[in-house]
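So the chains spell out like this:
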Amino acid sequence: MSSAFHIHIGGAGVMMGDMLWKLYEKEHNETTLKNYVYQQVDGHSHPLTLFADLDDRMISEVQRNKQIQFKKNSFLYGKEEASNIYSRGCYTIGKEIIDKGLDQIRKQIETMDRLDQFVITTSIMGGTGSGFSTLLLQRLEVDYKNKVKTNGFIIFPSSGMSNNILGIYNAMFSIQMTRNHFHSITMFDNQSMYNVIDQQLDLDYVDYSHLNNLVAQTISSYTGLRRFNNIDNSKFFSGMCPYPNLHYFVPSYGKMTLINDYTRKELSQNEFIKYLTKKEIKLYQSPNNPQHLSTTLLFRQKEPNHFYGKFNQTLQNLSHVYNQSPRIFQCNSSNYQVLSELAQMKQTGIFFSNDASIISRFDQLGRNFDKIYAKRAFVWAYVSEGLEEFEFSEGREALANLTSEYSEVIKEDSPQNDLEIDYE
Ligand SMILES: Nc1nc2c(ncn2[C@@H]2O[C@H](COP(=O)(O)OP(=O)(O)OP(=O)(O)O)[C@@H](O)[C@H]2O)c(=O)[nH]1
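Residues numbered from 1 in each chain as written. Predicted model: local features only at pLDDT ≥ 70, side-chain atom pairs only at ≥ 80, totals over all residues. Heavy atoms only, no water.

Draft legend 1. Spotlight on empty space enclosed by the protein. Inspection of every chain in the model, using the stated rule, returns two cavities of 30 Å³ or more. Looking at the largest cavity, its volume works out to about 100 Å³. When residues in the lining of the largest cavity are grouped by element, the largest group, five residues, is from helix α11 (residues 359-374). Along the lines of polarity and charge, the residues of the lining of the largest cavity split into seven nonpolar, four polar and one charged. Counting contributing residues per domain, the lining of the largest cavity is built from domain 1 (2-249) and domain 3 (359-417), each supplying no fewer than three. (1 Å grid on protein atoms, 1.4 Å probe; cavity = no way out; pocket = protein on both sides within 12 Å on 5 of 7 lines; lining within 4 Å. Points joined across faces, edges and corners; volume = space filled by probe spheres on them. Helix = DSSP H or I, 4+ residues; strand = E, 2+ residues; numbered from the N terminus. Nonpolar A, V, L, I, M, F, W, Y, C, P; charged D, E, K, R; others polar. Domains from an automatic or database assignment.)

Below is the structure:
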């Protein structure tokens, strides 16, 4: 039987991983296919995972949880954080622990019959999430190229962060990694997730745990196809990629309800699908209307419903660049919640879209980068940590190529859907 290996990188990546494994632990007894994410030894389940950070602060949080039987070699950390600098994560501090990390991964993979995918969580605004992820993925590619899919669940910069100089540089340097070393990227941004939570739930405060819960639920439903239904999900994302480089997906997740919301009711199938496909609940929002290259609806409910979503008018009416219909998958398991204030719903769903309208967000990142790089702000901080100056223009070019690939596709195949880019 094949298994997946999860890697959680940098402070945000580690905390998303923490939430995910807490969720897996709740779901653990409901699945017979535990080996997909756990190694079983003498009746105990040990997560197949690596939490990697350049310092130990977030990792100690994860280790505090004694209910999950993590193995020692599931934790990799150094002594010093990347201080928000990509090149510290990639070229200097990160280099000190990379071999150890690869060894820890290899040893765990050796316990599997077959590895079918890496599932990676990180945020590309931090020095570790951008730099160390790049280094690790480059090295993993040497050993596992073409044999294993690499699927990322990644926090991108929020649309309003034009004055976070280092975050913008880090994200820019990471674009090449997301293009070259991943088969799929499911994109989130903190501001969009915050908006969605704020709209759906009447909470007194929202913190990272609420955002990380959204990411964890998304990953859990996706791997749930394999863990609960034994569906080979290795083609789940590749089936959404008409072009190999355009492998960026925007998810929407719902519905969430507070445990003390006594007025809550389950939505009808029709209402539920309408809700999930609304632009406002996307977890990575762009100002333009969606330009779906492809879409997939992943529905989660314990009892199978073979007619779910079929012939639904809302789905039929979604406009796709390639006149394709959305694919529909079902994950048959209960909808557990880690956060005590959230109610366990009978049904939840995730709507994934390969949405070309994200180019306006890429474009915005490029403009923010151009503004600060023109003044050469903090260039010294990167160069003094081993980055060559040409990498600034190389990173910018990778982003420009990506946006132009998206606009070419829309122009060529859908003249009626010419994309409007908001140039401020
Ligand atoms: N969704 C989410 N975002 C987070 C979390 N923690 C931090 N972030 C965001 O992610 C960005 C990067 O922070 P970290 O992940 O802590 O940074 P890092 O990758 O560890 O890099 P260094 O701190 O430079 O070593 C921050 O700017 C925050 O906006 C989290 O738990 N969840």
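Draft legend 2. Inspection of helix α4 (residues 93-109) at higher detail. Taking 1.5 Å of rise per residue, the 17 residues of α4 would be expected to cover 24 Å, and the 25 Å separating its terminal C-alpha atoms lies within 8% of that figure. Along α4, the residues classified as buried are Ile93, Gly94, Ile97, Ile98, Gly101, Leu102, Gln104, Ile105, Gln108 and Ile109. (Expected span 1.5 Å × (residues − 1). Buried < 20%, exposed > 50% of the residue type's maximum accessible area, 1.4 Å probe, protein only.)

Draft legend 3. Quick peek at the site of the ligand. With respect to spatial proximity, 19 residues lie near the ligand, and among them Gly11, Asn84, Thr128, Gly129 and Asn212 are the closest. Between the ligand and Gly11, the relevant distance is 2.7 Å, taken from an oxygen atom to a main-chain nitrogen or oxygen of the residue. The separation between an oxygen atom of the ligand and a polar main-chain atom of Ala12 is 2.8 Å. Within the complex, 82% of the 640 Å² of free accessible area of the ligand lies under protein. Among the cavities detected, the one that contains the ligand is the largest pocket. Residue contributions to the shell around the ligand peak at four residues, all from helix α1 (residues 10-27). Among the residues making up the shell around the ligand, the classes are represented as six nonpolar, 11 polar and two charged. (Near = heavy atom within 4 Å. Polar contact = N/O pair within 3.5 Å; in protein donor to acceptor, adjacent residues only side chain to side chain. Areas by Shrake-Rupley, 256 points an atom, 1.4 Å probe, with all protein chains shown as cover. Sits in = over half its atoms within 2 Å of the grid points.)

Draft legend 4. Summary view of the confidence of the model for the chain. For the chain, the mean per-residue pLDDT works out to 92, and 96% of the residues sit at or above 70. A low-confidence stretch, residues 415-424 (pLDDT under 50), is modelled with 19 contacts involving residues beyond four sequence positions or located in other chains. Prediction confidence for the complex, expressed as pTM and ipTM, is 0.95 and 0.99 respectively. (pLDDT = per-residue confidence, 0-100. Contact = heavy atoms within 4.5 Å.)

Draft legend 5. Region of the structure containing the layout of surface pockets. Taken as a whole, the largest pocket encloses approximately 630 Å³ of empty space. Around the largest pocket sit 26 residues that line it, and Gly10, Gly11, Ala12, Ser123 and Gly126 are the ones nearest its centre. Only α1, α2 (57-63), β6 (114-123), α5 (127-144) and α8 (208-229) provide two or more residues apiece to the lining of the largest pocket. Classifying every residue of the lining of the largest pocket gives nine nonpolar, 13 polar and four charged. Its boundaries defined by the atoms lining it, the second largest pocket holds a volume of some 240 Å³. Lining the second largest pocket are 17 residues, and of these Lys255, Met256, Thr257, Asp261 and Arg264 lie nearest its centre. For the lining of the second largest pocket, the class distribution of residues is six nonpolar, five polar and six charged. Each of domain 1 (2-249) and domain 2 (251-357) contributes no fewer than three residues to the lining of the second largest pocket.

Draft legend 6. Quick peek at the pairing of strand β9 (residues 248-254). A large share of β9 lies buried, amounting to seven of its seven residues. Across the two faces of β9 the burial is the same, with Tyr248, Val250, Ser252 and Gly254 and Phe249, Pro251 and Tyr253 all buried. With five bridges joining them, β9 and strand β12 (residues 347-355) adopt antiparallel strand pairing. Within β12, the position partnered with Pro251 by the bridge is Phe352. (Pairing = 2+ DSSP bridges.)

Draft legend 7. Examining unusual backbone geometry more closely. Lys255 follows Gly254 through a cis peptide bond whose omega is -5°. Structurally, Lys255 can be placed in the loop between β9 and α9 (269-276). Positive phi values are uncommon outside glycine, yet Asp42 reaches one of about 50°. The phi dihedral of Phe378 falls on the positive side, at around 60°, and the residue is not glycine. Within the fold, Phe378 resides in the loop between α11 and α12 (379-383). Overall, the relative accessible area of 36% leaves Phe378 in the partly exposed class.

Draft legend 8. A look at the pattern of salt bridges. All chains considered together, the criterion is met by 21 salt bridges. Taken together, the salt bridges that share partners define one network made up of Asp103, Arg106, Lys107 and Glu110. (Salt bridge = Lys/Arg side-chain N within 4 Å of Asp/Glu carboxyl O.)

Draft legend 9. Region of the structure containing the packing of aromatic side chains. Summed over all chains, the structure comprises 33 aromatic pairs. Ring geometry for Phe272 versus Phe299: centroids 6.2 Å apart, planes at 65°, classification edge-to-face. Taken as a pair, Phe272 in helix α9 and Phe299 in strand β10 (residues 292-301) lie far apart in primary sequence, 27 residues in all. Looking at Lys255, its charged tip hangs above the ring of Tyr275, at a distance of 5.0 Å from the centre. Sitting over the face of the ring of Tyr284, Arg361 holds its NZ or CZ atom 4.2 Å from the ring centroid. (Phe/Tyr/Trp six-rings, centres within 6.5 Å; stacked < 30°, edge-to-face > 60°. Lys NZ or Arg CZ within 6 Å of the ring centre and 35° of its normal.)

Draft legend 10. Representation of the domain arrangement of the chain. As assigned here, the chain comprises domain 1 (2-249), domain 2 (251-357) and domain 3 (359-417). Taken over C-alpha atoms, the centre of domain 1 sits 24 Å from the centre of domain 3. Every contact between the two is made by 31 residues of domain 1 and, on the other side, 31 residues of domain 3. With both chains or domains summed, domain 1 and domain 3 bury close to 2,800 Å², and 67% of this area falls on carbon and sulfur atoms. Put simply, Glu405 and Arg179 hold a salt bridge, and the shortest N to O gap is 3.1 Å. Elements supplying a minimum of two residues to the side of domain 1 that touches domain 3: α3 (86-90), α6 (165-180) and β8 (184-189). For the side of domain 1 that touches domain 3, the residue count by class is 17 nonpolar, 11 polar and three charged. (Buried area = accessible area lost by both parts, 1.4 Å probe.)

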